[in-house]
Amino acid sequence: MLKRLPRVCFAGLFALSHCGDAGPTEAPPRGGPAPFGPEATLTVLRDDNPAANIVEVSLEAAPGRWTLSPGRTVDALMYNGRVPGPLLEARVGDTVVVHFHNALTVPTTVHWHGLRVPASMDGGPHSQDPVPPGGRFTYRFVVNDAGTFWYHPHVNESRQMEAGLYGAIVVRGAHEPAADVETVMMLDDLTLDAQGNIAAPGDLVEQHGGREGPVAVVNGRSAPPMTIAPGQRQRWRIVNAGSARFYRLSLGGQTFWQVASDAGAWATPRALREVLLVPGDRVELLVDGPAAGASWGVENLAYDRGHGAGLRSPMALTTLVSEGPAMTPRSPPAGGPPTRWLPVEGAHVETVRFSERINRETEAVEFMVNGRQYPDVPPLHGQVGRTERWTLVNESEMEHPFHLHGFFFQVRSRNGVALADPAWEDTIQLRGHETVEIAFQPDPRPGHWMYHCHILEHVEHGMMGTFIVPETPSRDP
Ligand SMILES: [Cu+2]
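What you are looking at is a predicted structure, and each value in this text was computed from that prediction instead of being measured.

## Quick notes on the coordination of the copper ion
Tetrahedral coordination by four donors places them ideally at 109.5 degrees to one another around the metal; octahedral coordination by six donors ideally gives 90 or 180 degrees.
Then, in step 1: Coordination of the copper ion by the protein involves His400 (ND1), Cys453 (SG) and His458 (ND1), with metal-donor separations of 2.0 to 2.1 Å.
Then, in step 2: Written as a sequence motif, the donor arrangement for the copper ion is H-x52-C-x4-H. In this structure, Cys453 and His458 share a single accessibility class: buried.

Right, dumping it as structure tokens:
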């Protein structure tokens, strides 16, 4: 039986805005640096299991009211009464047990985006039946990789995620970038109707481009305050939880370090002035505090992602203000362990073509993989231990962020130009008319794995396929 420990409520650096009313989900962070703003609404899932290497938590999806800013609330779907849902924290090697309860009026699942879980725990359409209203499901898996990940439904995503069902996952390992403090920032945008609620699905234009709303939120709040001390190094774990919004993130043109992407720390940090996150993407940045009194706009720069979709002028997300006692500035960050290219000699090759068209009879937009709409897309077949080498071809003008469930892959080339850095990813940009070559190797987790465009309207209109990894045949003695 699940143990109920006294609820922990703490303020100060980790400010909780509604500490008294959200149920027993809050707990101190587990082993990381002290968190800080903009976490006004961010809490941590409480570990109810005293064992050192087991994280056992309760998660409930239910309708609720989402506070975007003081006095501005919308009807929402929430995990444990919050948007974002509480942070799931673990260490590499931990067993995670999630007792999930569906208190929605519709079926749902939980997908653990980026975690290499067993297929039966992945929450995808082929791996589990949706949890019915009132139903329960226990997710159980071991976390193998350090990094920033996230969880969200894999049922009717453009409604359920848009309405607030998403939360972040932090897994810590042996090689963590050094910083004074760290935070998680979940980026999202909303379209509201005349009554001030989240708008119903839109017209053909929205179906085609995917929803991009004018109301920007960071951790569920409009322009949450953010501060940094002069010389302080902050680690920002950033998740793009938007339906279709690309974030070309800038800190007022200032330089910052990118130290990690989807699958954790990079061998070589990069000094950047902007970084792009496609839907579903994660990056980790190190930001060093400027002189006291300086303020930087945290903004999303204009970006054209094809067919008129994207942002035409910069969108303010929040402002970072430098204040407080100065700290000793740090030297350039060290990298993580070296990453090697996966050998691809003798690899099994596949081509995955993304395309789109307007059906003149139904006037619906059809998004396709290899000329078919899901679920009619012929499955691809892998084998445990056999390297896969896929050529992703975007036959359309619009960009389609590619996401593979269950496995990290390396991007080997873009339009025939080899990449220099063998970073492991699960969600990447696929530009209009671009050809991208990726490689990966299935480990022993057989099952049906999804791959799809992460623009939610596109996946719902067919841009998804399955990759089947069969059971490994047992060898005769
Ligand atoms: Cu797409």
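## Notes on the pattern of salt bridges
Two side chains carrying opposite charge are able to pair once their charged atoms lie near each other.
Then, in step 1: For the structure shown, the criterion picks out 30 salt bridges.
Then, in step 2: Here Arg270 and Asp421 are joined by a salt bridge, their closest N and O atoms 3.2 Å apart. Taken together, the residues Arg270 in strand 15 (residues 264–272) and Asp421 in the loop between strand 28 (417–418) and strand 29 (424–425) connect sequence positions 151 residues apart.
Then, in step 3: Of the residues examined, Arg270 reaches a relative accessible area of 35% and is grouped as partly exposed.
Then, in step 4: Among the charged side chains, a salt-bridge network with shared partners connects Glu89, Arg172, Glu176, Glu182, Arg235, Arg237 and Glu284.

## Quick look at the domain arrangement of the protein chain
Then, in step 1: Its domain assignment divides the protein chain into domain 1 (182–322) and domain 2 (348–469).
Then, in step 2: Placing the centre of domain 1 and that of domain 2 at their C-alpha centroids yields a distance of 24 Å.
Then, in step 3: Domain 1 puts 27 residues into the contact, and the matching count from domain 2 is 25 residues.
Then, in step 4: Interface area lost by domain 1 to domain 2 is led by Gln207, His208 and His307, which between them contribute 25%.
Then, in step 5: The tally of links from domain 1 across to domain 2 stands at 2 salt bridges.
Then, in step 6: In this structure, the salt-bridge partner of Asp426 is Arg282, at a minimum N-O distance of 2.7 Å.
Then, in step 7: Where domain 1 meets domain 2, there are 16 residue pairs in polar contact (both at pLDDT 80 or more).
Then, in step 8: Looking at the side of domain 1 that touches domain 2, the elements that each hand over two or more residues are helix 2 (204–209), strand 15 and strand 19 (303–304).
Then, in step 9: Element by element, the count of residues in the side of domain 1 that touches domain 2 is highest for helix 2, at 5 residues.

## Quick look at the sheet that holds strand 3 (residues 85–91)
Then, in step 1: What the 4 strands build is an open sheet, ordered 3-8-7-5; its pairing is mixed. Only two strands of the sheet have a single partner each, and these edge strands are strand 3 and strand 5 (111–113). Recorded for the sheet is a direction-independent mean angle of 25° between the axes of neighbouring strands.
Then, in step 2: Pairing analysis gives 5 bridges linking strand 7 (residues 147–152) to strand 8 (residues 167–172), with the strands arranged antiparallel. Within the sheet, the bridge partner assigned to Trp150 lies in strand 8 and is Ala168.

## Description of unusual backbone geometry
Then, in step 1: That bond from Val83 to Pro84 is cis: its omega, -5°, falls within 30 degrees of zero.
Then, in step 2: With respect to the helices, strands and loops of the structure, Pro84 is situated in the loop between strand 2 (72–79) and strand 3.
Then, in step 3: Here the residue pair Tyr374 and Pro375 is connected by a cis peptide bond, since its omega of 10° sits within 30 degrees of zero.
Then, in step 4: You can see Pro375 is positioned in the loop between strand 23 (364–369) and strand 24 (380–381).
Then, in step 5: Phi angles above zero are rare outside glycine, and His433 is one such case at about 55°.
Then, in step 6: Position of His433 relative to the elements: it lies in the loop between strand 30 (427–428) and strand 31 (435–440).

## Points about the packing of aromatic side chains
Then, in step 1: According to the stated counting rule, one finds 17 aromatic pairs in the structure shown.
Then, in step 2: Seen from their ring centres, Phe246 and Tyr303 are 5.8 Å apart, and the 15° between their planes marks the pair as stacked. Within this pair, whereas Phe246 is found in the loop between strand 12 (233–240) and strand 13 (247–251), its partner Tyr303 is found in strand 19, the two being separated by 57 residues in sequence. As far as the burial class goes, Phe246 and Tyr303 line up, both buried.
Then, in step 3: An aromatic cluster of at least three residues, connected via ring pairs, comprises Phe354, Trp390, Phe402, Phe407, Phe409, Phe440, Trp449, Tyr451 and Phe467.

## Thoughts on the sheet that holds strand 2
Then, in step 1: A sheet is described by the order of its strands in space; here 4 strands give the open sequence 2-1-4-6, paired in mixed fashion. Two strands close off the open sheet at either side, each with one partner strand: strand 2 and strand 6 (136–142). Within the sheet, the average angular offset between the axes of one strand and its neighbour, ignoring direction, is 25°.
Then, in step 2: Where strand 1 (residues 54–69) lies against strand 2, 8 bridges are found, and the strand directions are antiparallel. From the neighbouring strand, Pro63 faces strand 2, where its bridge partner is Leu77.

What counts and how
Residues numbered from 1 in each chain as written. Predicted model: local features only at pLDDT ≥ 70, side-chain atom pairs only at ≥ 80, totals over all residues. Heavy atoms only, no water. Donors = N, O, S within 2.8 Å, 3.2 Å for Na, K, Ca; no water. Buried < 20%, exposed > 50% of the residue type's maximum accessible area, 1.4 Å probe, protein only. Salt bridge = Lys/Arg side-chain N within 4 Å of Asp/Glu carboxyl O. Helix = DSSP H or I, 4+ residues; strand = E, 2+ residues; numbered from the N terminus. Domains from an automatic or database assignment. Contact = heavy atoms within 4.5 Å. Buried area = accessible area lost by both parts, 1.4 Å probe. Polar contact = N/O pair within 3.5 Å; in protein donor to acceptor, adjacent residues only side chain to side chain. Pairing = 2+ DSSP bridges. Axes fitted to C-alpha atoms, helices over the stretch in contact; angles between N-to-C directions. Phe/Tyr/Trp six-rings, centres within 6.5 Å; stacked < 30°, edge-to-face > 60°.

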